[in-house]
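Each chain, letter by letter, is given below.
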Amino acid sequence: QVQLIESGGGLVQAGGSLRLSCAASGRPFINYDLGWFRQAPGKEREFVATISRTASNTYYADSVKGRFTISRDNTRNTAYLQMNSVKPEDTAVYYCAARGGGTWYEAPKGSYDYNFWGQGTQVTVSS
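Note that the coordinates shown come from a computational prediction; the quantities given were computed from them, not determined experimentally.

*Asks:* So what's going on with the nonpolar core? Which residues, and what values?
*Replies:* Judged by nonpolar contacts, the single largest core of 34 residues is most densely connected at Trp36, Leu81 and Tyr94. Of all the elements in the fold, those that place two or more residues in this core are strand S1 (2-7), strand S3 (18-26), strand S4 (32-39), strand S5 (46-51), strand S7 (68-73), strand S8 (78-83), strand S9 (92-100) and strand S11 (121-126). In terms of residues, this core owes the most to one element, S9, which gives five residues. Sequence-distant contacts of Tyr94, defined by excluding residues within four places in its chain, comprise Glu6, Leu20, Trp36, Phe37, Arg38, Val48, Phe68, Leu81, Met83, Gly120, Thr121 and Val123.

Shown next, in the form of structure tokens:
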């Protein structure tokens, strides 16, 4: 299995930028597709972005498309979520997730697609 630890969350003003990191340990990092999800208080966990094992494919939720960028560095066992032009609606706990054993017929964008989860990092956007 793989263990995931998110970092980089904090307070940022609307229109600003933030970069989240997801550090992995355990099985070789390249074995896993990676995803970012978020959950605001009282709301369901929602998909944000995903990236395939070799970064050949990425997919974004419509709500963040054009503003957020997912990336990974397999030599450092780390995934990233670059958040630009943030909005108050982006306020949530952000989770990194790993998916192993699947095939990219369609971008995995459901929580059920992922096997392992980090503990989350809080992002708060002020107006």
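Now that the structure has been shown, we can carry on.
*Asks:* Describe in detail unusual backbone geometry, supporting the description with residues and values.
*Replies:* Even without being a glycine, Asn77 presents a positive backbone phi close to 50 degrees. The residue Asn77 is located in the loop between S7 and S8 in this model. Classification of Asn77 by relative accessible area gives partly exposed; the value is 28%. In this structure, Ser85 is a non-glycine residue whose phi angle is positive, near 50 degrees. Following the sequence through the fold, Ser85 ends up in the loop between S8 and S9.

*Asks:* Would you mind going over the environment of Ala24 in detail, with residue names and values included?
*Replies:* Along the chain, the position of Ala24 falls in strand S3. Here Ala24 falls in the buried class, since its relative accessible area comes to 13%. Placed 50 residues apart in sequence, Ala24 and Asn74 show a C-alpha to C-alpha distance of 9.8 Å.

Quick notes on the rules
Residues numbered from 1 in each chain as written. Predicted model: local features only at pLDDT ≥ 70, side-chain atom pairs only at ≥ 80, totals over all residues. Heavy atoms only, no water. Core = buried A, V, L, I, M, F, W, Y, C linked by side-chain atoms within 4.5 Å. Buried < 20%, exposed > 50% of the residue type's maximum accessible area, 1.4 Å probe, protein only. Helix = DSSP H or I, 4+ residues; strand = E, 2+ residues; numbered from the N terminus. Contact = heavy atoms within 4.5 Å.

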